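Spelled out from the first residue to the last, the chains are:
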Amino acid sequence: MFKVHPVDPKRMPALLRAMPKAELHMHIEGSLEPELMFAMAKRNGVTLPYASVQDLRNAYVFDNLQSFLDIYHAGTLVLKTEEDFYDLACAYLARAQADNVVHAELFFDTQTHTDHGLSSATVINGLHRACVDAPQKFGMTASLILCFLRHLSEEDAFECLEDILPLREKIVGIGLASSELGHPPEKFAKVFAKARQLGFRLVAHAGEEGPPAYIWSALDILKVERIDHGVQATRDTALMQRLAQDKISLTVCPFSNVKLRVFNTLADHTLGQMMDAGLCVTINSDDPAYFGGYVGDNYVQTAQALRLTTQQAYTLAHNSLHAAFVSDATKQQWTHQLKACFESFVEHDY
Ligand code: HPA
Ligand code: ZN
């Protein structure tokens, strides 16, 4: 690993924001800010059960994953047209660009929206158009990962996969999201095998609230390349060794984990412990409109709470670039940019 010069702690926030990074775990529906939610409700003739933006924000207090998912689901009801999905993705990409995100992989699902009467093409075409426009509009690249909803059946997931096949080229990967406890990865063994056959890259949420056993089965049964969250792995020494040995990337979301009460505070987060154990950890925002900040805020506040070093900051950014679903040549180019960024922060004594 490239050795970096320590920077003055006062300059760490600026470095953390400036360094080129990839965001690999964010649900596009979770980036719907209250202001945009109200604007879309108005243009689509939807009545929200909240009197104002502030009233809505005040409702964002959660006890666990399910209590969040209920409010999050209600918010998705304002999304109706291809334009809505395009606007939603562009609003996120603008925020990502401001944090020097060079590449984002956007999670989305179609099952929520087809259940509301939309077609999967409405969702995918709107989001994909934003990804196509991202280089010229936001100076970054973006791609799409379709998540199956795990509280629904495997049969529903198969139906969803069949439904999106005509738009297969617009989607890079398949993931697994929604209520984790009681819905282990192996419930989706057959549909993930099919997705693998079709050439999709595979990821799954595992070990957010669920036990280490869910991480094992995401790896061994679903054969995913990355684990989303994975923070419960610290409870299983053999699993920690497996994750380190096989260089499995973990898309960790510190703000999310505190908001959903996985950890009491950022200072209690095990991200530093996971890095010390040699795991390929990345930092992500999950649902930035609901959890109090975008990816840059996650880096800055987590680094402060855990007293991360300059070297750890470099490693986190490098891990994110390395774990992205892009070519090796692109990763190499980003790594040069990353090194140049760290070198520009070195204070020379001339
Ligand atoms: N976990 C599982 N499903 C989700 C999440 C999450 O944090 N956010 C949106 N869908
Ligand atoms: Zn998530």
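Here is a short report on the structure shown in this document. These numbers were taken from a predicted model, which means no experiment stands behind them.

Further remarks concern the coordination of the zinc ion (ligand 2). Protein coordination of the zinc ion (ligand 2) is provided by His25 (NE2), His27 (NE2), His205 (NE2) and Asp286 (OD), with donor distances spanning 2.1 to 2.2 Å. Relative to the metal, the four donor atoms surrounding the zinc ion (ligand 2) lie at angles of 83 to 173°, and the coordination shape comes out irregular. Along the chain, the residues donating to the zinc ion (ligand 2) fall in the pattern H-x1-H-x177-H-x80-D. On the accessibility criterion, His25 (0% relative accessible area) is buried.

What follows is about the pattern of salt bridges. This model, assessed by the stated rule, comprises 14 salt bridges. In this structure, Glu105 engages Arg226 in a salt bridge whose closest nitrogen and oxygen atoms are separated by 2.9 Å. Here Arg226 lies in strand β6 (residues 226–229) and Glu105 lies in strand β2 (residues 101–108), a separation of 121 residues in the sequence. Residues Glu105 and Arg226 agree in their burial class; the two are buried.

In this structure, Phe148, Phe192 and Tyr290 are the most contacted members of the largest nonpolar core, which totals 114 residues. For this core, the leading source of residues is helix α5 (residues 82–98), giving eight residues. If we ignore the near neighbours within four places in the chain, the residues touching Tyr290 are Glu29, Gly30, Leu32, Met37, Tyr60, Phe62, Phe68, Ile71, Tyr72, Gly75 and Lys259. Of all hydrophobic cores here, the second largest spans six residues; its members include Ile145, Ala177, Val203 and Phe325.

Neighbouring ligand 1 are the residues His27, Leu65, Phe68, Leu69, Tyr72, Ala177, Ser178, His205, Glu208, His229, Asp286 and Asp287. Within the backbone of Ser178, one N or O atom sits 2.8 Å away from a nitrogen atom of ligand 1. In this structure, a nitrogen atom belonging to ligand 1 sits 2.7 Å away from a side-chain N or O atom of Asp287. Computed on the free molecule, ligand 1 has an accessible area of 260 Å², of which 98% lies beneath the protein chains in the complex. Under a 2 Å grid-point criterion requiring more than half of the atoms, the pocket assigned to ligand 1 is the largest pocket. A per-element tally of the shell around ligand 1 places helix α4 (residues 65–75) first, with four residues. Of the residues contributing to the shell around ligand 1, the split by class is five nonpolar, four polar and three charged.

As summarised here, the arrangement of the eight strands in space is β1-β2-β3-β4-β5-β6-β7-β8, forming an open sheet in which the pairing is parallel. For this open sheet the edge positions go to β1 (21–27) and β8 (280–283), each flanked by a neighbour on one side alone. Across this sheet, the average inter-strand angle for adjacent strands is 25°, counted without regard to direction. Across five bridges, the pairing between strand β3 (residues 141–149) and strand β4 (residues 173–177) is parallel. Among the inter-strand pairings, Ile145 is bridged to a residue of β4, identified as Gly173. Strands β1, β2 and β8 of the sheet are contacted by helix α15 (residues 295–306), whose axis makes an angle of about 120° with β8.

All right, on to the state of the cysteines then. Overall, the coordinates contain zero disulfides when judged by the stated rule. Residue Cys131 stays outside any disulfide, its sulfur separated by 9.1 Å from that of Cys90, the closest cysteine. Judged by its relative accessible area of 7%, Cys131 falls in the buried class. Cys160 carries a free sulfur, and the closest cysteine sulfur to it, the one in Cys147, is 9.9 Å from it. Using a relative accessible area of 6% as the deciding quantity, one classes Cys160 as buried.

We now examine the packing of aromatic side chains. Counting across every chain of the model gives eleven aromatic pairs. Between Phe62 and Phe291, the ring centres sit 6.2 Å apart and the planes meet at 85°, which makes this aromatic pair edge-to-face. Of this pair, Phe62 sits in the loop between α3 (53–58) and α4 while Phe291 sits in helix α14 (residues 288–291); the two residues are 229 residues apart in sequence, bridging distant segments of the chain. Comparing Phe62 with Phe291 shows no difference in burial state: the two are buried.

A separate point is empty space enclosed by the protein. Considering all chains together, one arrives at two cavities of 30 Å³ or more under this definition. There is about 50 Å³ of room inside the largest cavity. Per-class residue counts for the lining of the largest cavity are nine nonpolar, one polar and no charged. Reported here for the second largest cavity is a volume of approximately 30 Å³. What lines the second largest cavity is Phe2, Lys3, Val4, His5, Phe342, Glu343 and Val346. A per-class count over the lining of the second largest cavity returns four nonpolar, one polar and two charged.

The rules we used
Here the residue index of a chain counts from 1 through its sequence in written order. All chains are assigned letters beginning at A, and all ligands numbers beginning at 1, according to the order in which they are written. It should be noted that, the model being predicted, local features are given only for residues of pLDDT at least 70 and side-chain atom pairs only at 80 or more, the latter also being counted only at that level, while totals for whole chains, interfaces and linings use all residues. Water and hydrogen atoms were dropped before computing side-chain values, which therefore reflect all heavy atoms in the structure. A 2.8 Å cut-off from the metal defines N, O and S donors, relaxed to 3.2 Å for Na, K and Ca; water is not in the atom list, so some sites may appear incomplete. Any site counts as irregular unless it has four donors with all angles between 85 and 135 degrees, making it tetrahedral, or four or six donors with opposite ones more than 155 degrees apart and the rest between 65 and 115, making it square planar or octahedral. Exposure categories follow from relative accessible area, calculated using a 1.4 Å probe and restricted to protein chains: below 20% of the type maximum is buried, above 50% is exposed, and the middle band is partly exposed. What makes a salt bridge here is a side-chain nitrogen of Lys or Arg within 4 Å of a carboxyl oxygen of Asp or Glu, nothing more. In DSSP terms, a helix is any run of H or I states spanning at least four residues, a strand is any run of E spanning at least two, and both are numbered starting from the N terminus. Note on terminology: a nonpolar core comprises buried Ala, Val, Leu, Ile, Met, Phe, Trp, Tyr and Cys residues joined through side-chain atoms within 4.5 Å. Contact between two residues is taken to exist if any of their heavy atoms lie within 4.5 Å; hydrogens are not considered. A molecule or strand has a residue near it when one of that residue's heavy atoms lies within 4 Å. The definition of a polar contact used here is a pair of N or O atoms within 3.5 Å, where within protein one atom must be able to donate a hydrogen and the other to accept one, and adjacent residues in sequence count solely through side-chain atom pairs. For every accessible area listed, the method is Shrake-Rupley and the probe measures 1.4 Å; residues are considered covered only by the protein chains on display. Definitions used throughout: a 1 Å grid over protein atoms alone; a cavity as a set of points that fits a 1.4 Å probe which cannot get out; a pocket as an open set with protein on both sides within 12 Å along at least five of seven lines; a lining residue as one with an atom within 4 Å of a point. Grid points define the cavity or pocket, and a molecule sits in it when more than half of its atoms lie within 2 Å of them. Three categories are distinguished: nonpolar for Ala, Val, Leu, Ile, Met, Phe, Trp, Tyr, Cys and Pro, charged for Asp, Glu, Lys and Arg, and polar for the others, with Gly belonging to the last. Paired strands, as defined in this entry, are two strands with at least two bridges between them according to DSSP. All axes here are fitted lines through C-alpha atoms, helices being fitted over the stretch that makes contact, and every angle between N-to-C directions spans 0 to 180 degrees. Here, a disulfide means two cysteine sulfur atoms that sit within 2.5 Å of each other. Here a Phe, Tyr or Trp ring, Trp counted by its six-membered ring, pairs with any other such ring whose centre lies within 6.5 Å, and the pair is stacked when the planes are under 30 degrees apart, edge-to-face when over 60, and tilted otherwise. Grid points are joined across faces, edges and corners, and a volume is the space filled by probe spheres set on the points.

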